[in-house]
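Here's the letter readout for the chains.
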Amino acid sequence: MITNMTDETADTALDRVTTGIPGLDEVLHGGLVDGRSYLVRGRPGSGKTILGFHFLTAGAAAGDTALFINLEEDERDARANATSLGFDLAGVDLLDLSPSSEFFARDQSYSVFGADEVESDDLTERIADRVADLAPDRVFVDPVTQFRYLTSDDYQFRKQVLSFLRFLEEQDATVLFTSQRTSDSTDEDLQFMSDGIVELTYEDDARRIAVPKFRGSDRQGGRHGMAIREDGIHVYPELEPATHGVGFDTEPISSGVDGLDALLGGGIERGTITVISGPTGVGKTTTGTQFLTAAARRDERAAVYLLEESVDTFEHRAKATGQPLDRMRSEGSLAVEPVEPLSVSPQEFAQRVRTEVEQRDTRVVMIDGVRGYKLSMQGEGEDLVRKLHALGRYLKNMGVTVVIVDEIDNVTGEFRATNSGISYLADNVLFLRYLEMQGELRKVAGVLKKRVGDFERTLRKFEITEDGVVVGDPLSGLQGVLQGSPESIDEGS
């Protein structure tokens, strides 16, 4: 415990430098440590140079002197590319060290960073002179691995890059430098030299960012969500539920349907997770929507995330069942958010939900549904379930009431509470079921689980009408209902 307090004190005492990307600053617990050097690594197209643009322009906007040492493109192309990505480098000084035709015509190897050769070597003179003239607060070198081709061997490269980084740090500059890995050469030597590593990956159309090394300070581990949009890079940190929470009363809240509330022992408690399960078309989404409209009647804001159907379909069904979603949306008591398939990472989705909760005081959240979540999010099945679990824990800690829709495959036959292995996540499980009675397909509702408080252990007739959900009296005198083929147990029937 004492060690943790000491580390925390050391962290807060360090001067921080923003990366220009709020989500990445959050991962770094405030930003880069001032006066240190950091390696940005990743394959071509992963966003390394864009991250450098964020770093430089954020510094210029804050009044820092920013220097871009560019070793690939000439200055005109570099500034044009930055502009096309929405970055204005007008306040950034650019040192163009990109190869020219004259460079390729000369047959010699440069010793770039040797201290005894700084004055005699034209390239290092240009670097040293520019740094001396500017005294930059921030330096971005893109890519430092170009210097590998100007030295005689790997040993000289490592020695001279290390000298170069120390030279910049002695000028009190915070340095970002990128690497270009090839099949013939890795950047392992650069990883050892740096004070920290920011690693970008881009696989299967999914972008991630991680900070595997951050010397002298703490940071948030894991692989975080990342997206490149028109305004640059967005980073979505992994959700850590334990770091969030508020005090709240676990009072029961009504669905607005008397029979449903009776089944649930008076309603569902605030800050709990309710899974509504059932086969296709049975009425899961409509039932969940009842909790959204009930929130509006309590003057609370609710949000629904549609992962399996369009907004038009959702609103059309709600209108057909008498649920006033149009009015709720116009009054600001309901947010309806569609999620396009494979368009977001689970971290970005969690950030959207956090924004609703923390900035708009949303008190009820519905996720429709689990199968759509698995199909829509970038990632693998089991990992996505863990992400959904973390989101659920966060919402519970924030006192938000959560409704999750889960579709099961069986229309009748063997009973299954859920189809996605998420029953452990639920505080309450409300199931809707088809059954065949006298040649007709009927519906019933029941409660399988309720962690807080008692609940009714009978089944009730369930209908969806033009006035909404109707839950009738308890069924009696039947057995085999959960198998979908009830039999009468009344004598003489």
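Chemist: When you look at a negative patch on the surface in this model, what are you seeing that I'm missing?
Modeler: A surface patch of negative charge is lined by Asp-15, Asp-34, Asp-137 and Asp-172. Summarising the element assignment, Asp-15 is placed in the loop between helix H1 (2–13) and strand S1 (16–17).

Chemist: How should empty space enclosed by the protein be read in this particular structure?
Modeler: A water-sized probe rolled over the atoms picks out the places where empty space is left. Under the counting rule described, the total for this entry stands at 1 cavity of 30 Å³ or more. In this structure, the largest cavity encloses a volume near 80 Å³. Forming the walls of the largest cavity are Glu-238, Leu-239, Pro-346, Gln-347, Ala-350, Tyr-373, Lys-387, Leu-388, Ala-390 and Leu-391. When residues of the lining of the largest cavity are assigned to their parent elements, the largest contribution, 4 residues, is made by helix H15 (residues 381–397). For the lining of the largest cavity, the residue count by class is 7 nonpolar, 1 polar and 2 charged.

Chemist: Looking at this structure, how should I read the confidence of the model for the chain?
Modeler: Do not read the fine detail of predicted coordinates wherever pLDDT is low. When pLDDT is averaged along the chain, the result is 86, and 88% of the positions lie at 70 or above. Counted against residues more than four places away or in other chains, residues 1–10, with its pLDDT under 50, gives 0 contacts. In the predicted structure, residues 107–120 sits below a pLDDT of 50 and forms 30 contacts with residues beyond four places in sequence or in another chain.

Chemist: Help me understand the packing of aromatic side chains in this model?
Modeler: In this description, an aromatic ring pair is defined by two values, namely the gap between the centres and the angle between the planes. Tallied over the entire structure, the rule returns 6 aromatic pairs. Taking 6.0 Å as the distance between ring centres and 80° as the angle between the ring planes, the aromatic pair formed by Phe-53 and Phe-68 counts as edge-to-face. In this pair, Phe-53 is assigned in helix H3 (residues 48–61) and Phe-68 in strand S4 (residues 66–70), connecting sequence segments 15 residues apart. Ring centres 5.6 Å apart and planes at 50° place the aromatic pair Phe-53 and Phe-87 in the tilted group. Of this pair, Phe-53 sits in helix H3 while Phe-87 sits in the loop between helix H4 (75–84) and strand S5 (92–96), and the two are 34 residues apart along the sequence. Each of the two residues, Phe-53 as well as Phe-87, counts as buried. An aromatic cluster is built from Phe-53, Phe-68, Phe-87 and Phe-140, whose rings are joined through pairwise contacts. Over the face of the ring belonging to Tyr-202 we find Arg-207, whose NZ or CZ atom lies 3.8 Å from the ring centre. It is Arg-457 that lies over the ring of Phe-455; its NZ or CZ is 4.2 Å from the centre.

Parameters and conventions
Residues numbered from 1 in each chain as written. Predicted model: local features only at pLDDT ≥ 70, side-chain atom pairs only at ≥ 80, totals over all residues. Heavy atoms only, no water. Patch = residues over 30% accessible without salt bridge, like charges linked within 9 Å, V, L, I, M, F, W, Y side chains within 5 Å. Areas by Shrake-Rupley, 256 points an atom, 1.4 Å probe, with all protein chains shown as cover. Salt bridge = Lys/Arg side-chain N within 4 Å of Asp/Glu carboxyl O. Lys, Arg positive; Asp, Glu negative; His and termini not counted. Charge placed at Lys NZ, Arg CZ, Asp CG, Glu CD. Helix = DSSP H or I, 4+ residues; strand = E, 2+ residues; numbered from the N terminus. 1 Å grid on protein atoms, 1.4 Å probe; cavity = no way out; pocket = protein on both sides within 12 Å on 5 of 7 lines; lining within 4 Å. Points joined across faces, edges and corners; volume = space filled by probe spheres on them. Nonpolar A, V, L, I, M, F, W, Y, C, P; charged D, E, K, R; others polar. pLDDT = per-residue confidence, 0-100. Contact = heavy atoms within 4.5 Å. Phe/Tyr/Trp six-rings, centres within 6.5 Å; stacked < 30°, edge-to-face > 60°. Buried < 20%, exposed > 50% of the residue type's maximum accessible area, 1.4 Å probe, protein only. Lys NZ or Arg CZ within 6 Å of the ring centre and 35° of its normal.

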